[in-house]
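Topology and contacts: notes
Chain by chain, the residues run as shown.
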Amino acid sequence: MKTLLCGVAFAALLTSPALADDTPQEVIVTLTREPVALSKVGQSVTTFDSAAIERNQSVYLKDLIARTPSVSIAQTGGPGQAGTARFRAAESDRSLFIVDGVKLGDPSMIGGGLNLGLLALNDVERVEILRGPLSTLWGSQAIGGVVAVTTRTPKRPLEAQMSVEGLDEYIVGKAGMGGKTGQLSWRLAAAYIDDDGVSSLRGGGEKDGFTQKHLNAYVHYALSDTSGLRARLARTESDYDFDGYNAAFQLADTRDTGFQDENLTSLGYYNQAFGGALKQTFTLSYSTTKRSTSDLANATAYPFEGRQTSFDYTGALTLSEASKLVFGASSERTQAIASGLNKRVTLNGLFAQWRQDVTQALTINASVRYDDHSVFGGHTVGQIAVAYALSPSLVLSSSLGQGFKAPSLYQFYDGWSGNLALKPEDATNFDLSVDYYGPNDSRLGVSLFGRKTDNQIDYDLSSFRYGNIARTQAYGIELEGETKLTQNVRLSGNYSHIIARDDARTSATFRNDLGRAPRHLANASVEWQATEALELGASVRYAGRSFENIYNTRRLDAYTLLDLRATYALNDTVALFGRVENATDEDYETAANYGSVGRRLWLGVRAKY
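Residues numbered from 1 in each chain as written. Predicted model: local features only at pLDDT ≥ 70, side-chain atom pairs only at ≥ 80, totals over all residues. Heavy atoms only, no water.

1. Re the side chain of Ser-596
Short version of the rule: Think of it this way: any DSSP run of H or I at least four residues long counts as a helix, any run of E at least two long counts as a strand, and we number them from the N terminus. The term polar contact refers here to a pair of N or O atoms within 3.5 Å; inside protein, the definition further demands a hydrogen-donor-capable atom paired with an acceptor-capable atom, and it admits residues adjacent in sequence only when both atoms are side-chain atoms. Here, residues are in contact when the closest pair of their heavy atoms is within 4.5 Å.
Inspection of the secondary structure assignment puts Ser-596 in the loop between β32 (574–581) and β33 (600–608). Within the local environment of Ser-596, its side chain forms a polar contact with the backbone oxygen of Tyr-588, the two atoms lying 2.8 Å apart. Not counting residues up to four positions away in its chain, the partners in contact with Ser-596 are Val-198, Asp-587 and Tyr-588.

In structure tokens, the structure reads:
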């Protein structure tokens, strides 16, 4: 199957007419802290604009990023259940998620990450995915990759969007409106999800439902042509059922429940100085995550709360047309509150990146970051990335960089397993890529990468606490391609081959595969503008065999998912759309003993003003 998918994705590209000296259409990337052309980044980046997000019809962020190279998803059941993403096989909590420039995370979780299963695409207009480290600019966790989500901002005096989709057992509703008049811009958006779900326990008979309510508000006031204030407020309330452990502490078809309430507030100020040569942004944010699960079998509730206060400053100084310095500072204070635990830590950082256009074809990006942690002290990482346009249609990129992850509050302070002697995890990554652009808006890309992680934190069975005892490595190849077969048909695809192993020679699992890290991943998609009003599409996603854990005692079988979708525009304002997810009704596991969603039909309508 993996060979078939790879062939489908690239056959049309390889048999297309000879590539001409076409200049590629430039894409601008913003997760580098200041806008830069993709051809100058020197790392592998995939972007989805609002049109692409709408075409894909994905409800959750995890389903959108799963269409990109080297991303595998694991989830303990259906909608709303615990979900994780692995970028280039980097384990959970070792990739960073950002929304509107604010880092996401729950300090009360074991690894300090987030539950990706709850992150829906609410009022989102752009998603950028960088594969590889970017800790020099964003700090802790940016090892495997970085995902930057941008929500909608108004473009006209008054605008509105709404959509409703689903069927009798699941429904998603979204609405938003805003405007831009003079110096003031504003937007309000809301979303609601109600899903009967499926049994979290594989083969279970009782469905585990999920509901979510989301509200997002945005205000921007321009103080002048070069300065202004921005404020955002977001609240998300999630309630879910799940299957936990019975009185005998065995995974069972229980009736356990949980909730998670998240609040995010940010206030920003920006300005320009020296005739626009210096652009500055100041952002203050505060987020809280309150969650609790109720274990009905053992009559026990488990409440947790994570708090994070952050200050971020970024300056971008244009020294000349060929030279730019990006620099800044950040301060993060995180706190975890749980039964027997109420601790906080601070992490302060300074960073700088020099971007130099050596020639019109050659760009060098060199960056460095220093962090000071209230527990483990100072830590420094560096990175260099090079992009070289061999011709207008051929770009060579390479990077060598470091990423790090600070120990979580749980790993430091848990009463049974915490260890204040923990050091940060260190990862070194190298990648090399070639992108070839041609006519028919086509592109072929090949990337090679390798990563070694030292001082990786794991639970030490000899001391019964966390320690820097693990070492892992991952390396592989990514193939990407896209082209227009005709004026109305577009084909795209990617294939990733990843080998990720335990690299600690003293470990009993030395050279074992890392858990939930398939060696083969592939995607293929076709979009057909059948008529002026009708658009059809199909996507196939393949994940090869993997193991549940590093002990390699439980295998997860390979699976293939087929999605079909259609959109019919009634007019410029209203469109009907629908899709069939998992059209072949594949029965599969991404986490051992947990269920998955079978075939689903979605029907919907959306309107805009």
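2. Section: the confidence of the model for the protein
Using the following cut-off: pLDDT expresses, on a scale from 0 to 100, how confident the predictor is about each individual residue.
Across the protein, pLDDT averages 93, with 95% of residues at or above 70. Predicted confidence is poor over residues 1–24, with pLDDT under 50, and the contacts of this stretch with residues over four places away or in other chains come to 50 contacts.

3. Comments concerning the sheet that holds strand β8 (residues 124–131)
This is how the line gets drawn: At least two bridges found by DSSP between two strands are what make those strands a pair.
Read from one edge to the other, the open sheet built from five strands follows the order β3-β8-β9-β6-β7, with strand pairing classed as mixed. Where the open sheet ends on each side, the last strands, each with one partner, are β3 (44–49) and β7 (102–103). Strand direction decides the pairing type here: β3 and β8, joined by six bridges, are antiparallel. What sits directly across from Phe-48, in β8, is Val-127.

4. Overview of the environment of Asp-208
With respect to the helices and strands, Asp-208 occurs in strand β13 (residues 208–222). Here the alpha-carbon distance between Asp-208 and Leu-556, two residues 348 residues apart in the chain, equals 22 Å. A distance of 2.7 Å separates a polar atom in the side chain of Asp-208 from the backbone nitrogen of Ser-200.

5. Topic: the pairing of strand β28 (residues 534–543)
Keep this limit in mind: Buried residues are those whose accessible area, probed at 1.4 Å on protein chains only, stays under 20% of the maximum for their type, while exposed residues exceed 50% and partly exposed ones sit between those limits.
Within β28, seven of the ten residues are buried, which leaves the element mostly enclosed by the surrounding structure. Of the pairings in the sheet, the one linking β28 to strand β31 (residues 559–569) comprises ten bridges and is antiparallel in character. Its bridge partner lying in β31, Gly-537 is registered against Arg-565.

6. Section: the pattern of salt bridges
The criterion, for reference: Each reported salt bridge corresponds to a side-chain nitrogen of Lys or Arg within 4 Å of a carboxyl oxygen of Asp or Glu.
The full count for this structure, using the stated rule, is 42 salt bridges. When the shortest N-O distance is used, the salt bridge between Arg-67 and Asp-563 registers 3.7 Å. You can see Arg-67 sitting in the loop between α3 (61–65) and β4 (71–75) and its partner Asp-563 sitting in strand β31, a full 496 residues away along the chain. The two residues Arg-67 and Asp-563 agree in class, both being buried. For the salt bridge of Lys-213 with Glu-237, the shortest nitrogen-to-oxygen distance reads 3.6 Å.

7. Structural notes on the pairing of strand β26 (residues 489–502)
Of all 14 residues in β26, eleven are buried; the element is thus mostly enclosed. Here strand β25 (residues 465–484) pairs with β26 via 13 bridges, running antiparallel. Across the sheet, the residue bridging to Thr-472 is Asp-502, located in β26. Count of turn residues in the β25/β26 antiparallel hairpin: four residues.

8. Notes on the nonpolar core
Note the cut-off: In these notes, a set of buried Ala, Val, Leu, Ile, Met, Phe, Trp, Tyr and Cys residues joined through side-chain atoms within 4.5 Å is what counts as a nonpolar core.
The biggest cluster of nonpolar side chains holds 21 residues, and the ones touching the most others in it are Leu-61, Ile-65, Phe-87, Phe-97, Leu-116, Val-127 and Val-147. Of all the secondary structure elements, the ones that give two or more residues to this core are α2 (50–56), α3, β4, β5 (83–87), β6 (96–99), β8 and β9 (145–151). Contact partners of Val-127, with chain neighbours within four places excluded, come to Thr-46, Thr-47, Phe-48, Ile-53, Leu-61, Leu-64, Leu-121, Val-147, Ala-148 and Val-149. Formed by 15 residues, the second largest nonpolar core is a distinct cluster that contains Val-36, Leu-130, Leu-134 and Leu-137.

9. Focus: unusual backbone geometry
Glycine aside, a negative phi is what most residues show, and trans is what most peptide bonds show. For Arg-88, which is not glycine, the phi torsion reads 55 degrees and is therefore positive. By the secondary structure assignment, Arg-88 is in the loop between β5 and β6. Assessed through its relative accessible area of 1%, Arg-88 is described here as buried. Phi angles above zero are rare outside glycine, and Asn-593 is one such case at about 70 degrees.

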